[in-house]
Amino acid sequence: MSLLKPATAGSPIASELRGENSLLDIEDLKTRLATSRNKIPLYREAIRKASAILDTRYRENLNITDIVQGRAWVIDQILSLAWLQQQWPDAKDISLVAVGGYGRGELLPHSDIDILILTRRNRNAKYRNCISAFTTLLWDIGLEIGQSVRSIKQCKFEAIGDITIATALMESRTIIGPADLQIEMYRRNADRGVWSTKKFLRAKWDEQIRRHQKYHDIDYALEPNLKNSPGGLRDIQTIAWVAQRHFGSSSFKDLVKLGFLKESEETMLNKGQQFLWKLRYGLHLLEGRREDRLLFDKQRELAKLFSYEDDEKSLGVEKLMKQYYRVVANLRALNDVLLQHLDEAILREGEKEKIEPINNRFQIRNGYIEVISANVFERYPFALLEIFVLMAQRPDIEGIRASTIRLLRDNRRLIDDEYRHDSRNVTLFMDLIRSPYKVTLQLRRMSRYGILGRYLPEFGQIIGQMQHDLFHIYTVDAHTLQVIENMRRFLLADAAEKFPVAAHIARNLPKIELLYIAGLYHDIAKGRGGDHSTLGMADAAAFCERHRLSDWDSKLVCWLVDKHLLMSMTAQRTDISDPEIIHDFAKIMGDKLHLDYLYAMTVADIRATNPELWNSWRATLLRQLYLNTKRALRLGLENPVAKAERIADKKETALRKLTDHGFDSHQITDIWSNADDEYFVRESAANISWHTEAIINFTDDGPLVSIKEISENTVEGATQIFIYTTDSDFIFANTTAALERLRLNIFGARIFTSANGYCLDTFTVLENTGRPIGPNPKRLAEVKSAMIASLTAGNKPLQPARFRRTRKEKYFGQRVEANLVNTADKNYSTLEINCPDQPGILACVGKIFVDNDIHLKDARITTLGERVEDLFFVTDARGQPITDTTAVNTLLDEIKSQLEARLIA
């Protein structure tokens, strides 16, 4: 069946379908309609039976093209019979025409059925009653019709003013009535005066650009639109429309004969369309309505429908989506090539040519690089890499000519194991990595044209690999290349403001290409099962050996791949003001150079995983960890500072600052006498000074609430809220409930109780925007008022906040995991809670602590996509780690049951 123009009444396929009584017995239906007074149930039953047969064929995995065209044929027959029920005056001057997708002969279960009632002349009042009766009947029998009534002349007028109408009329065919009307309408619409080929191509290309921009120009969206996302069905149709307009072709086979398409490209288009049809048909079937969005829940249902099964390496749904991403990536690449080819042949026709030779293999024609002869890649296989190196060294080269892209794709088969070990080729690849301009763009081009996955087979394995969650919003290959782009951005002029530490580091790294290689390999082993960091090290080591890196350089790259998660985990899940933690982290770093490389890699990785993960507090944590570790390395790792010395140093620093501000040293030491050593160990000197000053200055009755910004620049920092009040059971639960009602995100909580029965609690928060509260007097007053109200609510719990969870949040599981760990050298237990993100979690956990007589010392709050991973450092009522098995099990059971109950409610 043609993809450009559907079968007409006389085509072989239409004739074959017309005789398929298993779908619809036309003669029987005609007979029953002729003798029935109420015809609507007969039509409905005929459509229902045909749909059921087609749905069964779909579930049996029969040919999707036959199914899609079979549905169009059934509707043709129903419309024809309904048309014949009307007593049309001058029937020779009116016909029923299918347009758009239905005009192509393609119908899915709930696709719009677009029809044109076409008349020979403009004056059509005599048809009004019949048209009304006809369309009413169609709606009554359950068909979703999109109809228009126009004369041949009106069609041309409307087409001139609207590219969408012009396109729909190109895809038209007569269902019933005089065929000459559609033929004449089509002829007039095809006239160059309606839309010249050049204007039509420009309009369609601009339309595609806008459509792609709507979907952020990515073909790896988590919930793609099968029709309109990049690489989707609309991209296939765009090629068909423009080719039909330019060549007058009626099928992709015609384009092969004309030399515009290769047979392999025609096969790719056909297979890609069939795969997308299968997905779209399944969506319609599952939803019971028209649906083009491949939503998370439907992805999983479709995976089951297509028999994709979970295994130890990946989920069935991830296998389905990997196939989807690979299909649309290929379709988009082909779409790019073909449209660029048409651009060169049509839009740039007659353009004055400027040709600049580069060497005996390549030249630049009007800004685009091309091969000098068609056999360049066969004669010089290394040129498959050289072309990208040239573009990375010449920023004036805008892109690759379409004919050369095709040759790249055709000759990628030359890249085999011998090619990968050839000294010239490994040198060229390292030249690319070290090049000054648009390295990431060239790597993306290499990936799109199938070169990168052939040269690095391990990269080829992760193309289209996704993780079925909201934390990783890109496929692994897209994430990997985004990491390298982020690393490159550290070298831009504006990076010093956005990423002050990373920008400074990147400019001073001795070999920044080692950072890029580590970025290329850090997630290379995902989807294989096992520890991807360990497996990735092996691949990275093989790359380094093949590309003749020195032993020291190779070890650094492998170390970065192995440790790429360490800095992020340390910053977010430990107390980085604790010198022991810094000492242990610094020992792993070994020297400042390793620390520098790992910091730059960590920032680039977090930002490429999910842009929403990067906020000012994470920036602050990483910067603090980096600076604290750098200081420890500078002072030496052999003699870590003892606890007593650390306390004395913090007290001395805070005391000096406070006395410089005029505070009495006796007042200060009186306040400090009520705090135990743990407070001075875990709090910073800056916070000790802030807390002390706030307590001395506070003269009111009731709770003290003090708010401070810890921003050091415009891209880092957070807001801290200090609470000083008489200790009571529900302070943590009520404080967190109030903060959640204020829609403030909590990232940390430090909880202390003084000897005189007061709590000294500090919460670190950000607004929903990921930024601190900032100098906003109205907002600060609102926060302070709400906090005081929560603290004066009495010794009873406030109701946790409830906000509507999004569809995505509801979908991604109700699983709650809780675990409690005791470590020999710690005087507390570590409680870890992993569960879907929702308001009220902390308030709920706080109440459970009270009910079980659990004391909270500190907390680390981390949100990763749709889930939270919270750490609570807790003790029993005696201030000791929780070791009683019964108490531990009771605590964990209550956490799981109560949080799961909130998710279901």
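What this report covers is the structure whose coordinates are included nearby. In this text, all values refer to a predicted model and were calculated from it rather than measured experimentally.

Conventions adopted
Residues numbered from 1 in each chain as written. Predicted model: local features only at pLDDT ≥ 70, side-chain atom pairs only at ≥ 80, totals over all residues. Heavy atoms only, no water. Helix = DSSP H or I, 4+ residues; strand = E, 2+ residues; numbered from the N terminus. Buried < 20%, exposed > 50% of the residue type's maximum accessible area, 1.4 Å probe, protein only. Contact = heavy atoms within 4.5 Å. Areas by Shrake-Rupley, 256 points an atom, 1.4 Å probe, with all protein chains shown as cover. Lys, Arg positive; Asp, Glu negative; His and termini not counted. Charge placed at Lys NZ, Arg CZ, Asp CG, Glu CD. Salt bridge = Lys/Arg side-chain N within 4 Å of Asp/Glu carboxyl O. Pairing = 2+ DSSP bridges. Polar contact = N/O pair within 3.5 Å; in protein donor to acceptor, adjacent residues only side chain to side chain. Axes fitted to C-alpha atoms, helices over the stretch in contact; angles between N-to-C directions. Arc of directions from axis to C-beta. Parallel < 35°, antiparallel > 145°, perpendicular 65-115°, else oblique. Left-handed = near helix turned anticlockwise from the far one by under 90°. Nonpolar A, V, L, I, M, F, W, Y, C, P; charged D, E, K, R; others polar.

## Topic: the overall build of the protein chain
Part 1: Tallying secondary structure elements over the protein chain gives 42 helices and 17 strands in all.
Part 2: Taken over the C-alpha atoms alone, the protein chain extends approximately 110 × 75 × 50 Å along its principal axes.
Part 3: With 905 residues in all, the protein chain has 57% of them scored as buried.
Part 4: Within the protein chain, contacts between residues separated by at least 24 positions form 72% of all contacts whose residues are at least 6 apart in sequence.
Part 5: Accessible surface, the protein chain as shown: approximately 39,100 Å² in total, 49% of it carbon and sulfur.
Part 6: Looking at charge distribution, the protein chain has the averaged site of its 124 positive side-chain charges lying 8 Å from that of its 122 negative ones.

## With respect to the environment of Glu 287
Part 1: Along the chain, the position of Glu 287 falls in helix 13 (residues 263-287).
Part 2: It is 8.6 Å that separates the C-alpha atoms of Glu 287 and Lys 298, two residues lying 11 residues apart in sequence.

## What about the pattern of salt bridges?
Part 1: Counting across every chain of the model gives 61 salt bridges.
Part 2: A salt bridge links Arg 444 to Glu 485; the shortest N-O distance between them is 2.4 Å. In this pair, Arg 444 sits in helix 21 (residues 439-448) while Glu 485 sits in helix 24 (residues 476-489), placing the two residues 41 residues apart along the sequence.
Part 3: Its salt-bridge partner being Glu 485, residue Arg 489 comes within 2.5 Å of it at the nearest N-O pair. Note that Arg 489 and Glu 485 are positioned in helix 24 at a spacing of 4 residues, about one turn of the helix.
Part 4: With relative accessibility at 17%, the residue Glu 485 sits in the buried group.
Part 5: Connected via shared salt-bridge partners are Asp 90, Lys 92, Asp 93, Arg 120, Arg 121, Lys 126 and Asp 180.

## Some thoughts on the sheet that holds strand 5 (residues 355-357)
Part 1: Taken in spatial order, the 4 strands of this open sheet run 5-6-7-8, and their pairing is mixed. Each edge of the open sheet carries a strand with a single partner, namely strand 5 and strand 8 (399-400).
Part 2: Relative to strand 8, strand 7 (residues 368-371) is paired through 2 bridges, and the arrangement is parallel. By the bridge assignment, Tyr 368 is partnered in strand 8 with Gly 399.

## Focus: the side chain of Asp 55
Part 1: Tracing the backbone through its elements, the reader meets Asp 55 in helix 3 (residues 40-59).
Part 2: With relative accessibility at 18%, the residue Asp 55 sits in the buried group.
Part 3: A distance of 3.4 Å separates a polar atom in the side chain of Asp 55 from a polar atom in the side chain of Arg 71.
Part 4: Here Asp 55 is in contact with Arg 71, Pro 109, Tyr 281 and Leu 285, once residues within four sequence places are set aside.

## What to know about the sheet that holds strand 2 (residues 113-119)
Part 1: Read across the sheet, 4 strands follow the order 3-2-1-4 without closing on themselves; strand pairing throughout is mixed. Each edge of the open sheet is held by one strand with a lone partner, namely strand 3 (145-151) and strand 4 (173-176). The average undirected angle you get between the axes of adjacent strands in this sheet is 35°.
Part 2: Sheet topology note: the strand 1 (residues 94-98)/strand 2 ladder contains 5 bridges and is antiparallel. In the strand pairing of strand 2, Ser 95 is matched with Leu 118.

## Topic: helix 14 (residues 296-305)
Part 1: Buried within helix 14 are the following residues: Phe 296, Lys 298, Gln 299, Leu 302 and Ala 303. For helix 14, the angular spread of buried residues about the axis comes to 155°, placing them on one side.
Part 2: Phi turns positive one or two residues past the end of helix 14, at Ser 307, with a value near 65°.

## Some words on the environment of Lys 563
Part 1: By secondary structure assignment, the location of Lys 563 is in the loop between helix 29 (551-562) and helix 30 (566-573).
Part 2: According to the relative accessible area criterion, Lys 563 is partly exposed, its value standing at 25%.
Part 3: If near-sequence neighbours (up to four positions away) are discounted, Lys 563 is found in contact with Ile 588 and Leu 598.

## Side note on the packing of helix 24 against helix 32 (residues 592-609)
How two helices sit against one another is set out by the angle between their axes and by the gap between those axes.
Part 1: Two elements in contact, helix 24 and helix 32, have axes separated by 8 Å at closest approach and are oriented at 130°. Relative to helix 32, helix 24 is oriented oblique. Crossing of helix 24 over helix 32 shows right-handed handedness. Each of His 479, Gln 482, Val 483, Asn 486 and Met 487 in helix 24 lies in contact with helix 32, whose residues at this interface are Met 601, Ala 604, Asp 605, Arg 607, Ala 608 and Thr 609.
Part 2: Residue composition of the contact of helix 24 with helix 32, grouped by class: 5 nonpolar, 4 polar and 2 charged.

## Quick word on the packing of helix 31 (residues 579-589) against helix 33 (residues 616-635)
Part 1: Interaxial distance between helix 31 and helix 33 falls to 9 Å at its minimum, and their mutual angle equals 75°. As judged from the angle between their axes, helix 31 and helix 33 are roughly perpendicular. From helix 31, Ile 582, Phe 585, Ala 586 and Met 589 reach across to helix 33, where they touch Leu 625, Asn 628, Thr 629, Ala 632 and Leu 633.
Part 2: Looking at the contact of helix 31 with helix 33 residue by residue, the class counts come to 7 nonpolar, 2 polar and no charged.

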